[in-house]
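# Descriptive analysis of the structure
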Amino acid sequence: MIFRPIVPQELGSVLAHVQPDSSTALSADLIRSRLALGEYRPGWIWIAEPVPGRTPMAIAVWWGRPLDCHPGSLDALFAPLGPLPVSTGSSRPASWAASCSTDPRSAVAAALLTAAHQVFAADGLAIAPPFHLFLPPEWHARSDVAAAVAWRRRAAEAAGLRCANERLRFEWTTDRPVPALSGRLRFVPEPDDEVFVRLIRRVLPGTLERAGIRECMLVGAEAQARAEVAFYRQEMLGKRAWWRIARTTTGQVVGFGIPSHNSEVPVTGCLGVLPEFRGRGFAAEILAETTRILSVETGAALIRGETDATNHPMVAAFELVGYLDHARRLVLSAN
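Remember, predicted model here, so these are calculated numbers, not experimental data. (Residues numbered from 1 in each chain as written. Predicted model: local features only at pLDDT ≥ 70, side-chain atom pairs only at ≥ 80, totals over all residues. Heavy atoms only, no water.)

Right, let's talk about the overall build of the chain for a bit. A count of helical and extended segments in the chain gives ten helices and twelve strands. Since a compact globule built from 335 residues should have a radius of gyration of about 20 Å, the 22 Å found for the chain is in line with a globular shape. Projected onto the principal axes, the alpha-carbon positions of the chain cover approximately 75 × 40 × 40 Å. For the chain, with 335 residues in total, the buried portion stands at 48%. Taking contacts inside the chain between residues at least 6 apart in sequence as the whole, the part at least 24 apart equals 71%. When the accessible surface of the chain is summed, it comes to about 15700 Å², and 57% of that surface belongs to carbon and sulfur atoms. (Helix = DSSP H or I, 4+ residues; strand = E, 2+ residues; numbered from the N terminus. Rg over C-alpha atoms; globule rule 2.2 N^0.38 Å. Buried < 20%, exposed > 50% of the residue type's maximum accessible area, 1.4 Å probe, protein only. Contact = heavy atoms within 4.5 Å. Areas by Shrake-Rupley, 256 points an atom, 1.4 Å probe, with all protein chains shown as cover.)

Now the structure itself:
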């Protein structure tokens, strides 16, 4: 078996084997468009081929921002040949089939991911990129989606991506009015980035977002707060003038909102409520103001936001403001 990145000349023949299924909407046309943007690159599209020139047994596609030196996430795994039969007459021990959960696609894909991870690491990438699967809200109850996720998840786990976190993706559209604010809060611009660093540092220790908890444990709240501000300041496409501090009518700081924009749509970005003000519905009011700013400033018909499935207060805030539960993002990561 050969595991390698493709070369530009074979892009067409490889993409001919890319077929969306119930676990991914990624198509050959979408891959081509993201290649043109620099978000995909031939060196980030890997194949597992039994012999040169044969149909690949697995295809992996990684994503990154146009200026990134390394991929930031795994976007898709494909098995062009479909489920492969396990030969009962093989000299392999019976436990081999069981270890692949009767689907050798997982074993081939795991070997492909492992080979790519080793090359990425040798090139300076410290941690293997997480695998993001974009799924319908009801995916757990759909046998076709669950099966499509299962063999990919086994492959990811075998390649070291053993931590799973399910995130809810919400969408707000202009046909749904933003709820009127209660009048309890004032939202004011704040030009000093250090103010947002301090506020994020204060909300991180009690966050219910798993990524925030993990980063706090790894680097500490101060470093993580600075990384968050730098991310929205330098890497996202939202305007700095959109950032707001939420205060009570008496001037007390309650929290903050950092609306933003990714490469496709406006996003609710980062928002937080200080620990002493939690449990009073302020998250929904900050989210409503964030939504209003994005709607007015961008004129977009669609705004997206995400939160962990286990972050029940934020889920409730999205629902209260009028966001619809649109999809799931299952993140499989190394830590």
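Scanning all chains against the criterion turns up 29 salt bridges. Between Arg153 and Glu157 there is a salt bridge, with its nearest N and O atoms 3.4 Å apart. In this pair, Arg153 and Glu157 are both assigned in helix H5 (residues 143-158), four residues apart and thus about one turn of the helix distant. Under the relative-accessibility criterion, Glu157 is labelled partly exposed at 30%. (Salt bridge = Lys/Arg side-chain N within 4 Å of Asp/Glu carboxyl O.)

In this section: the packing of aromatic side chains. Taken as a whole and judged by the stated rule, the model has eight aromatic pairs. Here Phe231 and Tyr232 contribute two aromatic rings whose centre-to-centre distance is 5.1 Å and whose plane-to-plane angle is 80°, an arrangement assigned as edge-to-face. By the ring-pair criterion, three or more aromatic residues cluster together here, those being Trp46, Trp62 and Phe120. (Phe/Tyr/Trp six-rings, centres within 6.5 Å; stacked < 30°, edge-to-face > 60°.)

All right, on to the environment of His312 then. Looking at the secondary structure, you find His312 in helix H10 (residues 312-321). A sequence separation of 156 residues divides His312 from Ala156, and the C-alpha atoms of the two residues are 27 Å apart.

It is worth spelling out the packing of helix H6 (residues 193-203) against helix H8 (residues 221-235) at this point. Contact geometry of H6 with H8 gives a least axis separation of 8 Å together with a crossing angle of 130°. The angle between H6 and H8 falls in the class oblique. You can see that H6 and H8 cross each other, and the crossing is right-handed. When H6 is examined against H8, the residues Asp193, Glu194, Phe196, Val197, Ile200 and Arg201 are found in contact with a partner set consisting of Ala221, Glu222, Ala225, Arg226, Glu228, Val229 and Arg233. The residue makeup of the contact of H6 with H8, split by class, is six nonpolar, no polar and seven charged. (Axes fitted to C-alpha atoms, helices over the stretch in contact; angles between N-to-C directions. Parallel < 35°, antiparallel > 145°, perpendicular 65-115°, else oblique. Left-handed = near helix turned anticlockwise from the far one by under 90°. Nonpolar A, V, L, I, M, F, W, Y, C, P; charged D, E, K, R; others polar.)

Now for the pairing of strand E6 (residues 163-173). Of all eleven residues in E6, eight are buried; the element is thus mostly enclosed. Note that E6 and strand E12 (residues 324-333) share nine bridges and pair antiparallel. When the bridges of E12 are listed, Leu168 appears paired with Arg328. Bridging between E6 and strand E11 (residues 302-308) involves seven bridges; their strand directions are antiparallel. Paired with Thr173 across the bridge in E11 is Leu302. (Pairing = 2+ DSSP bridges.)

Turning to the side chain of Thr24, a few remarks are in order. Topologically, Thr24 is positioned in the loop between helix H1 (11-15) and helix H2 (28-37). For Thr24, the side chain forms a polar contact with the main-chain nitrogen of Leu26, separated by 3.0 Å. Those residues in contact with Thr24, other than ones at most four positions away along the chain, are Ala76, Phe78 and Arg152. (Polar contact = N/O pair within 3.5 Å; in protein donor to acceptor, adjacent residues only side chain to side chain.)

Moving on, we get to the nonpolar core. Ranked by size, the top nonpolar core spans 46 residues in total, and within it Phe256, Ile258, Leu287 and Tyr323 carry the most contacts. Sorting elements by how many residues they give to this core places helix H9 (residues 282-298) first, with eight residues. Dropping the residues within four chain positions of it, Leu287 is found in contact with Thr268, Leu271, Met314, Ala317, Phe318, Val321 and Tyr323. Counting 32 residues, the second largest nonpolar core, distinct from the first, contains Trp44, Ala48, Ala58 and Ala109. (Core = buried A, V, L, I, M, F, W, Y, C linked by side-chain atoms within 4.5 Å.)

This part takes up the pairing of strand E3 (residues 58-63). Of all six residues making up E3, five are buried, and the element is well covered by its neighbours. Note that strand E2 (residues 45-49) and E3 share four bridges and pair antiparallel. In the sheet register, Trp46 faces E3, and the bridge partner there is Ala60. In the sheet, E3 pairs with strand E4 (residues 73-78) via five bridges, with the strands oriented antiparallel. Counted as the bridge partner of Val61 is Ala76 from E4.

Here the focus is the packing of helix H4 (residues 104-122) against H5. Geometrically, a packed helix pair is captured by the angle between its two axes and the distance between the axes. At their nearest, the axes of H4 and H5 sit 8 Å apart, and the two run at 40° to each other. Considered as vectors, H4 and H5 are oriented oblique to each other. Crossing handedness for the pair H4 and H5: right-handed. In this structure, H4 uses Arg105, Ser106, Ala109, Ala110 and Leu113 to contact H5, whose residues at the interface are Trp151, Arg154, Ala155, Ala156 and Ala158. Partitioning the contact of H4 with H5 into residue classes produces seven nonpolar, one polar and two charged.

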